[in-house]
Amino acid sequence: MKKKKDQNKLSFREAFKRNYRAFLLVNKSCPGMFFSSFLYGAVSAVIPYVGIYFSAQIINELAGNRNPEVIWKWVWITIAVTTVLALLKALVSRYKVYRQSSWWQNINTIYNNKLLRMDFCVLDEQHTHDLYSQIRQNSNWGGWGLNRIIWSIFEPLVNAIVSIISGIALTVSLFALPVPEKSSLAFLNSPVFLL
C-alpha cells in the first residue's frame, strides 16, 4: 500500500515537465487563450491599486494645501482612469469569453486526435477506455486536466505577479517621500532605507 502511494507522488521536476507540456499543447490548439487570460489577470490585479494610488493623491492634497482646483483635478483623473480601466476590463473579459468558447471544442479535438493516432489494438483495450473515462471525469467534475492549466494555474499566477509588482511600486513611492530634516527620523532619507 505504501509503495502505491509513493508511485502517485510526482517530483517537482516531473510536475513541471507535465505542466509545461500541457501549456504547449493548449497554446498550440487554442492560440490566444493564454494571452486573453494574461490580459484579464493583469487588468483585474491593477484596478484596485490604481484606486488606492489616486485616493492617496486626493488625501495628500486634503491634508496639505487643500487647493480646491488640485483636489478636483485629482477627482476627475480618478474618475476617468477608473472608468477607462472598467471599460478595458469589460473588453478583456469579453475577449476572454470569446476565446473560452472555442476552448471546449478544441479540448475535444485534442482528445480525439490522440485517440485517432493510437493503434486499434491499444484503443480497443478496456484499460484505454477506463483511462479515457477517468481523464474526462477528472476534467469535468474535479477541475483537473488541461482546464487546470489556465484557470487554476496560469491566470491566478499572472494576477499574483501583477499584484506583487503593483504593491511594490506603491510601497517604493511611500518610502521615497523625504522626511523633514529637522525630524528625529531624518536618517530614513538615506537610500539604504529605500531598499
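Structure report, in brief. (Residues numbered from 1 in each chain as written. Predicted model: local features only at pLDDT ≥ 70, side-chain atom pairs only at ≥ 80, totals over all residues. Heavy atoms only, no water.)

Thoughts on the packing of helix H3 (residues 33-63) against helix H4 (residues 68-117)
- Running from N to C, H3 and H4 point in directions that differ by 170°, and their axes come no closer than 9 Å. When the axes of H3 and H4 are compared, the pair comes out roughly antiparallel. Between H3 and H4 the crossing geometry is left-handed.
- Grouping the amino acids of the contact of H3 with H4 by side-chain chemistry returns 21 nonpolar, 6 polar and 4 charged. (Axes fitted to C-alpha atoms, helices over the stretch in contact; angles between N-to-C directions. Helix = DSSP H or I, 4+ residues; strand = E, 2+ residues; numbered from the N terminus. Parallel < 35°, antiparallel > 145°, perpendicular 65-115°, else oblique. Left-handed = near helix turned anticlockwise from the far one by under 90°. Nonpolar A, V, L, I, M, F, W, Y, C, P; charged D, E, K, R; others polar.)

Side note on a positive patch on the surface
- A surface patch of positive charge is lined by Arg21, Lys28, Lys114 and Arg117.
- Breaking the positive patch down by element, the ones donating at least two residues are helix H2 (12-29) and H4.
- Looking at the secondary structure, you find Lys28 in helix H2.
- Owing to a relative accessible area of 74%, Lys28 belongs among the exposed residues under this scheme. (Patch = residues over 30% accessible without salt bridge, like charges linked within 9 Å, V, L, I, M, F, W, Y side chains within 5 Å. Areas by Shrake-Rupley, 256 points an atom, 1.4 Å probe, with all protein chains shown as cover. Salt bridge = Lys/Arg side-chain N within 4 Å of Asp/Glu carboxyl O. Lys, Arg positive; Asp, Glu negative; His and termini not counted. Charge placed at Lys NZ, Arg CZ, Asp CG, Glu CD. Buried < 20%, exposed > 50% of the residue type's maximum accessible area, 1.4 Å probe, protein only.)

What to know about the pattern of salt bridges
- Inspection of every chain in the model, using the stated rule, returns 2 salt bridges.
- In this structure, Glu155 and Lys96 form a salt bridge, with 3.0 Å as the shortest nitrogen-oxygen distance. Remark: Lys96 occurs in helix H4 and Glu155 occurs in helix H7 (residues 146-176); sequence separation between them is 59 residues.
- Relative accessible area serves as the criterion here: at 12%, Glu155 is assigned to the buried category.

Some points on the side chain of Thr128
- Turning to its location among the elements, Thr128 is positioned in helix H6 (residues 126-141).
- Ignoring sequence-local partners within four residues, the contact set of Thr128 consists of Met118, Val122 and Leu123. (Contact = heavy atoms within 4.5 Å.)

Details of the nonpolar core
- Membership of the largest hydrophobic core comes to 17 residues, with the highest contact counts inside it found for Val26, Phe34, Trp103, Ile107, Leu146 and Ile150.
- Every residue in contact with Leu146, bar those within four places of it in the chain, is listed here: Ala22, Leu25, Val26, Trp103, Ile107, Ile110 and Tyr111. (Core = buried A, V, L, I, M, F, W, Y, C linked by side-chain atoms within 4.5 Å.)

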